[in-house]
Structure formats: structure tokens, C-alpha cells
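Observations on the three-dimensional arrangement
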Amino acid sequence: MIQETPPPVPPASPARNGVVHRLLMERPVLFDEIHRESGLIGKSLIFLTLIAVLGGFYGLAMGSFSSASQALSSAAKVPLLLVGVMAFCLPALYVFNILLGSRLGFMQVTTLLMMSTAVIAILLAAFAPITFFCVLTGAGYEFFVIENVACFSIAGFFGLDYLWKGTRRVSAARGGERDMTILAGWIVVYVLLGTQLA
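These numbers were taken from a predicted model, which means no experiment stands behind them.

Cut-off values and rules
- Residues numbered from 1 in each chain as written.
- Predicted model: local features only at pLDDT ≥ 70, side-chain atom pairs only at ≥ 80, totals over all residues.
- Heavy atoms only, no water.
- Helix = DSSP H or I, 4+ residues; strand = E, 2+ residues; numbered from the N terminus.
- Buried < 20%, exposed > 50% of the residue type's maximum accessible area, 1.4 Å probe, protein only.
- pLDDT = per-residue confidence, 0-100.
- Contact = heavy atoms within 4.5 Å.
- Phe/Tyr/Trp six-rings, centres within 6.5 Å; stacked < 30°, edge-to-face > 60°.
- Arc of directions from axis to C-beta.
- Axes fitted to C-alpha atoms, helices over the stretch in contact; angles between N-to-C directions.
- Left-handed = near helix turned anticlockwise from the far one by under 90°.
- Nonpolar A, V, L, I, M, F, W, Y, C, P; charged D, E, K, R; others polar.
- Salt bridge = Lys/Arg side-chain N within 4 Å of Asp/Glu carboxyl O.
- Parallel < 35°, antiparallel > 145°, perpendicular 65-115°, else oblique.
- Patch = residues over 30% accessible without salt bridge, like charges linked within 9 Å, V, L, I, M, F, W, Y side chains within 5 Å.
- Areas by Shrake-Rupley, 256 points an atom, 1.4 Å probe, with all protein chains shown as cover.

With that settled, consider the overall build of the protein chain. The number of helices and strands found in the protein chain is seven helices and zero strands. Its helices and strands taken in sequence order, the protein chain reads α-α-α-α-α-α-α from the N to the C terminus. Here the protein chain holds 198 residues, and 40% of them are scored as buried.

On to the confidence of the model for the protein chain. Counting all residues, the mean pLDDT for the protein chain is 82, and 85% of those residues have values of 70 or more. Confidence, expressed as mean pLDDT per element, reaches its minimum in the protein chain at helix α7 (residues 181-197) with 77 and its maximum at helix α3 (residues 40-63) with 93. Within the model, pLDDT remains below 50 along residues 1-16, and this stretch shows four contacts once partners closer than five positions in the same chain are excluded.

Within a pair of aromatic rings, the relevant descriptors are the distance that separates the centres and the angle that separates the planes. Applying the stated criterion to the full structure yields eight aromatic pairs. Ring plane angle 85° and centroid distance 5.3 Å describe the contact between Phe 157 and Phe 158, whose orientation is recorded as edge-to-face. Given a relative accessible area of 53%, Phe 157 falls into the exposed group. Each member of the aromatic cluster is reached from another via a ring pair, and the members are Phe 65, Tyr 141 and Phe 144.

Among all positions in helix α2 (residues 27-35), only Leu 30, Phe 31, Glu 33 and Ile 34 are buried. All buried residues of α2 fall inside an arc of 160° around its axis, so they share one side. Glu 37 occupies a position one or two residues after α2 and carries a positive phi of about 60°.

The phi angle of most residues is negative, glycine excepted, and most peptide bonds adopt the trans form. Its identity is not glycine, yet Glu 37 carries a phi of approximately 60°, on the positive side. Counting through the fold element by element, Glu 37 comes out in the loop between α2 and α3.

Turning our eyes to something else, we now look at the packing of helix α4 (residues 68-100) against helix α5 (residues 106-136). Where α4 meets α5, the axes come as close as 9 Å, and the angle between the chain directions of the two elements is 145°. Where α4 crosses over α5, the handedness of that crossing is right-handed. Of the residues in α5, those in contact with Val 78, Leu 82, Met 86, Leu 90, Leu 93, Tyr 94 and Asn 97 of α4 are Phe 106, Val 109, Thr 110, Leu 113, Met 114, Thr 117, Ile 120, Ala 121 and Leu 124. Residues that form the contact of α4 with α5 fall into these classes: 13 nonpolar, three polar and no charged.

On to the pattern of salt bridges, then. Applying the stated rule across the entire model yields five salt bridges. Between Glu 33 and Arg 22 there is a salt bridge; the shortest N-O distance is 2.9 Å. Separated by 11 residues along the polypeptide, Glu 33 in helix α2 and Arg 22 in helix α1 (residues 19-25) bring together distant segments of the chain. Neither residue differs from the other here; Glu 33 and Arg 22 are each classed as buried.

A few words on the side chain of Thr 111. When you line up the elements, Thr 111 lands in helix α5. Setting aside residues up to four positions removed in sequence, Thr 111 forms contacts with Ile 34, Leu 40, Lys 43, Ser 44 and Phe 47.

Right, let's talk about the packing of α3 against α4 for a bit. Two quantities define a packed helix pair, namely the angle between the axes and the distance from one axis to the other. Packing of α3 against α4 leaves a shortest axis separation of 7 Å and a crossing angle of 140°. Comparing their axes, α4 and α3 come out oblique. Viewed along their axes, α3 and α4 form a crossing whose handedness is right-handed. On the side of α3, the interface is formed by Leu 48, Ile 51, Ala 52, Gly 55, Gly 56, Gly 59, Leu 60, Met 62 and Gly 63, while α4 contributes Gln 70, Ala 71, Leu 72, Ser 74, Ala 75, Val 78, Pro 79, Leu 82 and Val 83.

Moving on: a nonpolar patch on the surface. There is a patch of nonpolar side chains on the surface, built from Ile 41, Leu 45, Leu 48 and Met 107 and spanning about 350 Å² of accessible area. The leading source of residues in the nonpolar patch is α3, at three residues.

Mapped onto the elements of the fold, Arg 103 is located in the loop between α4 and α5. Its relative accessible area of 58% is what places Arg 103 among the exposed residues. Spatially, the C-alpha atoms of Arg 103 and Ala 172 are 9.4 Å apart, while their sequence positions differ by 69 residues.

Structure representation (C-alpha cells):
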């Protein structure tokens with residue numbers, strides 16, 4: 001009896017994968033969709049939801065060091081911090097991209113920035129169990145502060161790296177220049193503002 005070879009399994013469609021999976025594993029696909037201006041408003045709303053939910057989850061963990069009321073307050077403050085820095089820095093990023101010669105539209109720049117902020121929120125949420133562990137083991141205040149600064153720093157680094165690579169890819173696809181010096185200056189402003197608001 002001849003066994004029939006099963007047909008090959010087709011690759012999963014990007015649309016079927018979760019948003020978090022796409023952000024972490026399918027960056028080039030998302031960058032190309034932004035280049036084509038495919039569903040930018042819908043993507044931005046999804047990213048904003050991720051920022052609110054996952055950023056709030058980390059804020060809950062961070063605030064639980066003090067009290068239940070502080071935990072709820074921090075659950076609101078962390079998403080507001082992420083969105084606030086993003087909103088204040090968005091106009092400068094758009095102008096810098098024009099000077100960069102990237103030819104990106106305002107909605108494309110907005111989506112890229114919201115995407116990178118969503119990545120920051122995802123990483124913060126991934127660090128939340130560590131923060132909860134520090135609370136449960138009775139870590140001192142100084143150690144807790146250092147742990148939170150480290151979490152925000154690592155998440156911010158990868159989020160900005162995401163923005164850097166996305167801007168570079170989409171800008172190149174639209175025939176823009178690849179000189180990223182101006183964007184590097186904007187990143188410095190972003191970090192300083194984020195530090196000040198925090």
C-alpha cells in the first residue's frame with residue numbers, strides 16, 4: 001500500500017497571528033505595511049490599546065510596592081507617561097523626518113512611533129513578574145528603584161531600536177535619504193523628556 005504524502009502546511013498568514021507576535025517576530029512585514037499605508041489608523045488604535053493595557057499592568061506591579069491605592073494610581077500613570085512622551089515628541093519626529101528626507105506622511109510617522117511605544121509596553125509587561133517578585137521578597141526601596149530604572153531603560157532601548165530600524169526601512173522604501181544623524185538627535189530629546197516626565 002502506497003502512503004500518500006500529506007500536502008505541505010502553508011505558512012501562517014500574518015493576519016492570523018496575534019499583535020504581540022507580529023510586533024516581536026514580523027517587524028519587516030509591519031514596516032512594509034506602513035510603507036504601503038495599509039490600515040494605519042487601525043494599527044495605531046491597536047498599538048494604543050496595547051500601551052494602555054500592558055503599560056498599566058507594569059504600573060500595577062510597580063505601585064504594589066507601596067499600597068493598593070498606589071498600585072491603581074501607577075497603573076494609570078505608566079500608560080500616561082508612555083503616551084505623554086510620545087505625544088510631546090511626535091511633532092519633532094515628523095519635522096526631523098522631513099529634514100531627513102524620508103518623505104514619510106504624518107500618519108506613517110505616528111504609526112511608527114506608536115509601534116515602538118507598544119514594544120516598550122510589551123517589554124515592561126514582560127518585566128512585571130520580576131517586579132512583583134521584588135515586592136513579595138521584601139526588596140528595599142533603593143533596590144526597587146534601581147530595578148524599575150533598569151526595566152524602563154532596557155524597554156526604552158529596544159523600543160527606540162525598533163523605531164530606528166523601522167524609520168530606516170520605510171524611509172528607504174519611499175526613496176528617502178538614509179542619513180540618520182537627525183533622528184539620533186531626536187532620540188536624545190526623547191530620552192531626556194522621558195526622564196523628566198518620569
